[in-house]
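# Observations on chain architecture
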Amino acid sequence: MENKIAVIDANNFFVSCERVFNPKLKNKPVVVLSNNDGCVVARSNEAKKLGIKMGEPFFKIQSLVKIYDIKYFSSNYKLYGDLSARMMNIINEFCPDVEIYSIDEAFVNLNFLPDDKINDFAIKLKKTIEKWIGIPVSIGISSSKTLAKLANDYAKKNPSTNGILNANDIENIDEFLNKFLVEDIWGVGRRISTKLYRNGIYTAKDLKYANPDIVDKIFHINGLRTQNELNGLSNYDVIAECSPKKSITCSRSFGNKVVDIEPLIEAVSNYTTQATLKLRQQNSLCKAILTFVSTSRFIENKYFNSDVQILENPTNYTPILIDKAVESIKKMYRKGYEYNKCGVILLNIISEDDYESDLFVDDNLNKKQNSLMKILDKINSNYGKNTISFASNLSKQKKWIMHREYLSNEYTTNWEQLLTIKI
DNA sequence: TCTGGGGTCCTAGGACCC
DNA sequence: TCTGGGGTCCTAGGACCC
C-alpha cells in the first residue's frame, strides 16, 4: 500500500483571517503588512494579480494602493494565532497524526484510511474548516511531503481541482512534475536553483532523474532526500509530537530610529522578558543568550554586532537573563549610529527535567527563583501582559516600540471588540 | 520619511586530543 | 627537532522554510 501524506494549507492566511470578520473585503485586493507596516507579507489573489510581490516594501506600492483601492492591514498576530489554533483543532479531530508545520499549514498522515476513501475525506475536511471558521484551504496528497507540497501548490492555483489534488491518482506523474521549476520545490531555494539550472536541471522531473552525484555535489544530503521524495520515497516523516524549541528569538525593528543607549536597554529587556516567558512555557532552561544590535541595512553608516554570554548555570529566570543582555548591549553600543533593531536569542536550550542541579548551585535559590517566575507568569496571564514587569522595561516614551497603524480588532480574543463588528 | 520576524538543519574549518 | 593521521567538538555562516 502506498504511503499517504496530506498537507493542508490555508489560502492567503492572514488576508483570509481579516476577511472572516470583515466580509466587505471579499473579492477586493487586500494586503497584510509586516511589523512596523514595513513590507507586504500576505496578499489576496486580487492583490497578487496586480503584481504585488511577497515582501515588497509598502511605500513602494502606494500608487497601486490608490489606483486600485487596495485595502491594507497591520499584522494582527493575536487574531491569526487564535484562528490558526482553531483550524489545527479541526484537523486534529479528523486525523490522529498532525504535524503543525507553520501558523497556516499542517502535514497529516492518512495511512489510517483506505485508498478509496482519501478523496471524500479531503473534501469533507476542507468543507468543515471553511464552514466552521471561514478560512479557505487547499489540500495536497501524495506519498511524500515534497510531492504533497507540489500537489497542494497545483490545487491552490488551479480552480478545476476545487482546491484538492491527490497526486497518487495522477497517471503520468512525470508529466505533472514537468510543470514545476526546481525553484517551486519545497526545500529548493534561489541559491540552489541557480546552481541546478547551470547544470541543466530545470524542472522537478529533471531533478527526479538527475545524476545523484551531481545533486550531492551542489545540494548535499538534503538534495538527495528531495530527489528521493520526488521519486515517491518518503524521507521526511510526519512528526506529530511538537518538540520543544531549540532556540527562542525575540527581536523587532524599532518604530523610530534610536541613537541613545537607554532605549536599547529598555527594548532588549522587553524582548528578553518575552523570550524567557516562552522558555518557561515549554519547561526549559537555556545555557546561553545572544544579544544583537544593528542599524538599517539600507543606510551608509552601517553597524551590526552580536555578543554571546554563557551562563554559569542553565536558567529561565528573567532577571538574570536581562542582566546578561543589558551587559552585552553596553559592550556593543557605539555612539554615532542610528539603531533600528535589536534582539535576543536564547540558545543551548535544555529541558528542566534534564537539568541535574550542579553541586555548586544553591538549590534553594533556584527553587525561590522558579516559584517567583511561576507567580509572575500566572498574574500576567490572568490580569494581562505586563501587569507586573521589570524595572528596566518601564519607560514613558517608548520610542522604539513598533508602529501598527492599520490594525484590525482582536475579534476572537477580545469580546468587547466583537461587539463592534458591522455586518 | 517608510525595507518583518522566528525558526531549523547542514557544512566547513579551527582547535584540540591522542 | 621533526611531524602523520584520525577523531571529536564547537562555532560561524549559509541556505532554506513560512
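Residues numbered from 1 in each chain as written. Chains lettered and ligands numbered in written order. Predicted model: local features only at pLDDT ≥ 70, side-chain atom pairs only at ≥ 80, totals over all residues. Heavy atoms only, no water.

The next thing to look at is helix α12 (residues 318-332). Here α12 is 15 residues long and its end C-alpha atoms lie 21 Å apart, about the 21 Å a rise of 1.5 Å per residue gives. Among all positions in α12, only Thr 318, Leu 321, Ile 322, Ala 325, Val 326, Ser 328, Ile 329 and Met 332 are buried. The arc that holds every buried residue of α12, seen down its axis, measures 155 degrees, which confines them to one face. Facing away from the buried side of α12 by over 90 degrees, the exposed positions are Asp 323, Lys 330 and Lys 331. (Helix = DSSP H or I, 4+ residues; strand = E, 2+ residues; numbered from the N terminus. Expected span 1.5 Å × (residues − 1). Buried < 20%, exposed > 50% of the residue type's maximum accessible area, 1.4 Å probe, protein only. Arc of directions from axis to C-beta.)

Pairing in this open sheet of 3 strands is mixed, and the strands run β3-β2-β4 from one edge to the other. One side of each edge strand has no neighbouring strand; the edge strands of this open sheet are β3 (40-43) and β4 (71-74). Each neighbouring strand pair of the sheet contributes to a mean axis angle of 25 degrees, computed without reference to strand direction. Pairing geometry for strand β2 (residues 30-33) and β3, over 3 bridges, is antiparallel. By the bridge assignment, Val 32 is partnered in β3 with Ala 42. Against the sheet, helix α1 (residues 13-20) touches β2, β3 and β4, its axis set at about 110 degrees to β2. (Pairing = 2+ DSSP bridges. Axes fitted to C-alpha atoms, helices over the stretch in contact; angles between N-to-C directions. Contact = heavy atoms within 4.5 Å.)

For the rest of this paragraph, the subject is the pattern of salt bridges. For the coordinates displayed, the defined rule picks out 12 salt bridges. When the shortest N-O distance is used, the salt bridge between Lys 145 and Glu 99 registers 2.8 Å. Placement of the pair is Lys 145 in helix α6 (residues 145-157) and Glu 99 in strand β5 (residues 98-102), with a sequence separation of 46 residues. The residues Lys 145 and Glu 99 share a single accessibility class, namely buried. The closest approach of N and O atoms between Lys 126 and Glu 130, which form a salt bridge, is 2.8 Å. Remark: Glu 130 and Lys 126 occur in helix α5 (residues 118-133); sequence separation between them is 4 residues, near one turn of the helix. A relative accessible area of 13% means that Lys 126 is categorised as buried. Taking relative accessible area as the criterion, Glu 130 reaches 28% and is therefore assigned partly exposed. (Salt bridge = Lys/Arg side-chain N within 4 Å of Asp/Glu carboxyl O.)

Attention now moves to the packing of aromatic side chains. Under the criterion given, the structure shown has 22 aromatic pairs. Arranged with centres 5.3 Å apart and planes meeting at 70 degrees, the rings of Tyr 101 and Phe 107 form a pair that is edge-to-face. For Tyr 101, a relative accessible area of 38% translates into the label partly exposed. Of the residues examined, Phe 107 reaches a relative accessible area of 0% and is grouped as buried. Among the aromatic side chains, those forming a connected cluster through ring pairs are Phe 13, Phe 14, Tyr 77 and Tyr 80. Here the basic side chain of Lys 145 rests over the ring of Phe 107, its NZ or CZ set 4.6 Å away from the ring centre. (Phe/Tyr/Trp six-rings, centres within 6.5 Å; stacked < 30°, edge-to-face > 60°. Lys NZ or Arg CZ within 6 Å of the ring centre and 35° of its normal.)

So yeah, pure geometry; function would need other evidence.
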